[in-house]
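A structural walkthrough
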Amino acid sequence: MYSSAPSRSAVLLLTLAALATVTVSSCRTQSGGTDTFIPAAPEWSDKAAWYISEPAAAPEADIFYILPTCVWDWSAEDGQLCRYSDYSRTDHIEAFLPSVELAEGIFAQGQYGFYCPYYRQITLNVWMDGEAAVEELFPLSMEDVSEAFDYYLEHYNNGKPFVLAGFSQGGKAVVELVKHLPAEAYERMAAAYAIGYRISDEELAQYPQLLPATDSTGTGTIICYNSVAAPEAACEVLSPTDVCINPVNWTTDATPAVLNDSVTVTVDTVCHLLIVDGLDPEHYYAPSLASTFPLGNYHLQELTLYQEHLRRNTALRISNL
């Protein structure tokens, strides 16, 4: 059921903003001319590098979930900056868990295998620095995700259908994974949920496997949307996008969908954004994140607003594969 309360991910981000930097050791490297630390690459054979849940009965399908941004820049023991998460840090795992558990409840629903790698994600500060910083540092994160997915296919999947899902930074990773999926794996992909990120017409033309969803039933398609009160509230780093579907009525036209008694959701077919009418933007506004998420941006609510619709849709697309 829809709730107007802030999501656990939103509360998490606001809590992280108040955390002091902590000190641990890491590996030094150069990034943009700045001496920084990069954590050691995860060992995907190490169960501690994953969040995994499996139902008691053998599942008919799996969810491979990629985390959104959950951590801020932090300092190593000699004061050097680190701009990536590190799964060996207890505080980072604690930061991941609310987002992991929310996604597990939505996509896995207690009936599918759920696999979430603790990759070296770039920090929220990197996103606030803008697109150039993201594109400079994200390739390392994506290398981790690709290696984790390959490990999943080889050691966990056992030939089952699967769903790719990710939110925000995880949505960006989903888009990149789908671009390069081997044909055999793509045939078993029920759907890809790249929530809260963007896909351009240029990408669609270059990568035929990026097949935008146009209804609630199609398989092998990618689901993408970004929610705002008005187009001017869009996040510059995460949008604009040329792909948008309404996760309430599963249309790509401007037909309004009723989310609850007071909230409607409509696709802006020019800006390719979801226009959410009936929420109080102030209730979801975080001043400390205003440079990235201006007033009227509902990025932090992209999963919680539509969780029941996403839950039903995941099961439907899996059953249709």
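These numbers were taken from a predicted model, which means no experiment stands behind them. Numbering of residues starts from 1 in each chain and follows the order in which that chain's sequence is written. Thresholds applied to this predicted model are a pLDDT of at least 70 for local features of residues and 80 or more for the giving and counting of side-chain atom pairs; totals over whole chains, interfaces and linings are not thresholded and use all residues. Side-chain numbers come from the whole structure's heavy atoms, not from hydrogens or water.

**As for the packing of helix α2 (residues 90-108) against helix α8 (residues 307-320)**
Helix-helix packing is characterised by the crossing angle of the two axes and by the distance between the axes. Using the following cut-off: Think of each axis as a best-fit line through the C-alpha atoms, taken over the contacting stretch in the case of a helix, with angles from 0 to 180 degrees between the N-to-C directions. Counting from the N terminus, the helices are DSSP H or I runs at least four residues long and the strands are E runs at least two residues long. Should an angle fall under 35 degrees it is taken as roughly parallel, and over 145 as roughly antiparallel, whereas 65 to 115 is taken as roughly perpendicular and any remaining angle as oblique. Between two residues, a contact is recorded if the distance between any of their heavy atoms is within 4.5 Å.
At a minimum axis distance of 7 Å, the contact between α2 and α8 shows a crossing angle of 50°. As summarised for this structure, α2 and α8 are arranged oblique, according to the angle between their axes. Facing α2, whose interface residues are Leu-102, Gly-105, Ile-106 and Phe-107, α8 presents Gln-307, Leu-310, Arg-311 and Thr-314.

**Looking at the sheet that holds strand β10 (residues 221-223)**
What counts is decided by this rule: Strands were regarded as paired on the criterion that DSSP finds at least two bridges between them.
Sheet architecture is open: six strands sit in the order β3-β7-β4-β8-β9-β10, paired in mixed fashion. The open sheet has two free edges, formed respectively by β3 (50-53) and β10, since each of these has just one partner strand. Geometrically, the sheet is characterised by an average inter-axis angle of 15° between neighbouring strands, direction not taken into account. As paired strands, strand β4 (residues 62-66) and strand β8 (residues 162-167) are joined by five bridges and run parallel to one another. The residue of β8 that forms the bridge with Phe-64 is Leu-164. Against the sheet, helix α4 (residues 131-157) touches β3, β4, β7 (113-117) and β8, its axis set at about 165° to β4. Packing against the sheet, α8 makes contact with β4, β8, β9 (189-195) and β10, and its axis sits at approximately 150° to β9.

**As for the packing of α4 against helix α5 (residues 169-179)**
Selection rule: Left-handed describes a crossing in which the near helix is turned anticlockwise from the far one by less than a right angle; the clockwise case is right-handed. Classification used: nonpolar for Ala, Val, Leu, Ile, Met, Phe, Trp, Tyr, Cys and Pro, charged for Asp, Glu, Lys and Arg, polar for all others including Gly.
Taken N-terminus to C-terminus, the directions of α4 and α5 make an angle of 65°; their axes are 10 Å apart at the nearest point. By the angle between their directions, the pair α4 and α5 is classed as roughly perpendicular. Crossing geometry of α4 relative to α5 is assigned as right-handed. Contacts from Val-134, Glu-135, Phe-138, Ser-141, Met-142, Val-145, Ser-146 and Phe-149 of α4 reach α5 at Gln-169, Lys-172, Ala-173, Glu-176 and Leu-177. The class makeup of the residues in the contact of α4 with α5 is seven nonpolar, three polar and three charged.

**Concerning α8**
Stated precisely, the cut-off is as follows: By definition here, a helix of n residues has an expected span of 1.5 Å times n minus one. Between buried and exposed lies partly exposed: a residue is buried under 20% and exposed over 50% of the maximum accessible area for its type, with that area taken using a 1.4 Å probe on protein chains only.
Relative to the 20 Å expected for 14 residues at 1.5 Å per residue, α8 spans 20 Å between its end C-alpha atoms, a close match to the ideal helical length. Of the residues making up α8, those classed as buried are Gln-307, His-309, Leu-310, Arg-311, Asn-313, Thr-314, Arg-317 and Ile-318. Buried-residue contacts for α8 involve β4, α2, β8, β9 and β10.

**Quick word on the pattern of salt bridges**
This is how it is decided: Salt bridge, as used here: a side-chain nitrogen of Lys or Arg that lies within 4 Å of a carboxyl oxygen of Asp or Glu.
Here the structure, examined in full by the defined rule, presents 11 salt bridges. Put simply, Lys-160 and Asp-62 hold a salt bridge, and the shortest N to O gap is 3.2 Å. Here Lys-160 is found in the loop between α4 and β8, whereas its partner Asp-62 is found in strand β4, with 98 residues between them in sequence. You can call Asp-62 buried: its relative accessible area is 0%. Taken together, the salt bridges that share partners define one network made up of Asp-73, Arg-83 and Asp-129.

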